Amino acid sequence: PTQDFLHTNHIAWFIYGVFFFTGILRSFVGPSFSAMIATIVPKNLLQNATTWNQGTWLSASVTGHAIGGFLIAFIGISSTLLVIASLILLSIIFLYQLKPKPPIQIAIEGSDVGLTKPPEKKTWESIKEGLAFVFQTKALLAAMALDMFAVLFGGAVAMIPVFASDILKIGPKGFGWLNAATDIGAIFIVVILTLWPMKRGQGRKMLIAVAGFGVCIVLFGISKIFWLSFFVLVLAGILDGVSVVVRGTVMQLLTPDHMRGRVSSVSGMFVLSSNELGQ
C-alpha cells in the first residue's frame, strides 16, 4: 500500500497541491509585508527602505538557490528540508518581535470627530476599494500595467531550460548561470540605486527600462551564443530592477496608510498573475 501511495503520479499531485496552497499563502503574506514596511520605516526613509527591501529579496533569491543546491549535494534532501524549516521558524520568531500597532486612524470630511477608526469591510468591498484606488491613481495604474504586460509577453524564465539543453547545449552548470543571470543583474542595479537613489525623472527612466527589457528578451530569443545570452539576461535583470524599484517606490509614496494592504493585494494580482500566466 505504501508503494502504491508513493506512485510517481501521486507524488506529482502532492507537489502540485503544495504549490497551490503556497500560492494562497503568498497572496496574504506579500501584501502584509509590503504594508508593514511603511509602518516601520519613517516616511523620509521610505524610498531607500523600498530599495533595500527589493535588494535583500533578490539577494536571497540568488544565494538561496545556490546554497540549496550545495546543501542537497553535501547533506541530502531531507536534511536540507530541515534547514529550510528551521530558517522559516527563525523568521517567524523575528516577526513576533514586532510590536503591535493600533488601528490606523483616518480623517473623515465633515466629521466633528476628526480622526476615526475605519469601519470593517467585507472582503469583496475591500477588493473593489483597492481596485478603485489603483484605477483612479494614474501613476500607480501605469506603473503596474506597464510591468504586467512587459512580464506577460517578455518573461523568458520558463524557456531557459529549453534554451540551455536544446539551443545553447550548455549542460547543468551553464543552465545554473543562465538561470541566475537576471537576478544577478537585478541585485547589481538595486545596490547601485541604494547607494545613489534616483532623484527625478523616475517615470521616464521606467519607460526606457521596460523598452530595453523587451529588446534584451528579443536578443535572448534569437541568440545561439551562450555568453551573449547570459549578457542580455543580466542586462534584462538590471533594467527590470529599475522598473521594480520605481514601481515599489510609487506604490509606497502614493498609497495612504489605511489602503496599503489592499493596494499591495491589487499589485500582487497584476504582477504575480502576469508572471505565472506568461510562463
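What you are looking at is a predicted structure, and each value in this text was computed from that prediction instead of being measured.

(A) Local environment of a nonpolar patch on the surface. Residues Phe-20, Phe-21, Ile-24, Leu-25, Phe-28, Val-29, Phe-33, Ile-40, Leu-95 and Leu-98 make up a contiguous nonpolar surface patch of roughly 990 Å² in combined accessible area. The element that contributes the greatest number of residues to the nonpolar patch is helix H2 (residues 8-40), accounting for eight residues. For Ile-24, the location among the structural elements is in helix H2. By relative accessible area, Ile-24 is classed as partly exposed at 36%.

(B) Seen up close, the packing of helix H9 (residues 202-222) against helix H10 (residues 226-254). Between H9 and H10, the shortest axis-to-axis distance is 8 Å and the interhelical angle comes to 155°. One way to sum up the angle between H9 and H10 is to call them roughly antiparallel. In this structure, H9 meets H10 at a crossing whose hand is left-handed. Judged by residue contacts, Gln-202, Lys-205, Met-206, Ala-209, Val-210, Gly-212, Phe-213, Cys-216, Ile-217, Leu-219 and Phe-220 of H9 engage Ser-229, Val-232, Leu-233, Leu-235, Ala-236, Leu-239, Asp-240, Val-242, Ser-243, Val-246 and Arg-247 from H10. The residue inventory of the contact of H9 with H10, partitioned by class, reads 15 nonpolar, four polar and three charged.

(C) Highlighting the packing of aromatic side chains. Inspection of every chain in the model, using the stated rule, returns five aromatic pairs. With a centroid separation of 4.6 Å and an interplanar angle of 35°, the aromatic rings of Phe-163 and Phe-220 are classed as tilted. On the criterion of sequence distance, the pair formed by Phe-163 in helix H7 (residues 160-167) and Phe-220 in helix H9 is long-range, its members being 57 residues apart. Of the two residues, Phe-163 and Phe-220, both sit in the buried class.

(D) Broad picture of the nonpolar core. Counting residues in each nonpolar core, the largest one holds 28 residues, and the members touching the most others are Leu-178, Ile-189, Phe-220, Leu-233 and Val-242. Elements with a contribution of two residues or more to this core: helix H6 (138-154), H7, helix H8 (171-195), H9 and H10. Sort the elements by how many residues they give to this core and H10 lands first, with nine residues. Val-242 has contacts with Ile-189, Leu-193, Met-198, Lys-205 and Ala-209, leaving out every residue within four places of it along the chain. The next biggest cluster of nonpolar side chains, apart from the first, holds twelve residues, and it includes Phe-133, Val-263, Val-266 and Phe-270.

(E) Region of interest: the side chain of Ser-229. Within the secondary structure layout, Ser-229 lies in helix H10. When neighbours within four sequence positions are excluded, Ser-229 is seen to be in contact with Leu-168, Leu-178, Phe-220 and Ser-223.

How each quantity is defined
Residues numbered from 1 in each chain as written. Predicted model: local features only at pLDDT ≥ 70, side-chain atom pairs only at ≥ 80, totals over all residues. Heavy atoms only, no water. Patch = residues over 30% accessible without salt bridge, like charges linked within 9 Å, V, L, I, M, F, W, Y side chains within 5 Å. Areas by Shrake-Rupley, 256 points an atom, 1.4 Å probe, with all protein chains shown as cover. Salt bridge = Lys/Arg side-chain N within 4 Å of Asp/Glu carboxyl O. Helix = DSSP H or I, 4+ residues; strand = E, 2+ residues; numbered from the N terminus. Buried < 20%, exposed > 50% of the residue type's maximum accessible area, 1.4 Å probe, protein only. Axes fitted to C-alpha atoms, helices over the stretch in contact; angles between N-to-C directions. Parallel < 35°, antiparallel > 145°, perpendicular 65-115°, else oblique. Left-handed = near helix turned anticlockwise from the far one by under 90°. Contact = heavy atoms within 4.5 Å. Nonpolar A, V, L, I, M, F, W, Y, C, P; charged D, E, K, R; others polar. Phe/Tyr/Trp six-rings, centres within 6.5 Å; stacked < 30°, edge-to-face > 60°. Core = buried A, V, L, I, M, F, W, Y, C linked by side-chain atoms within 4.5 Å.

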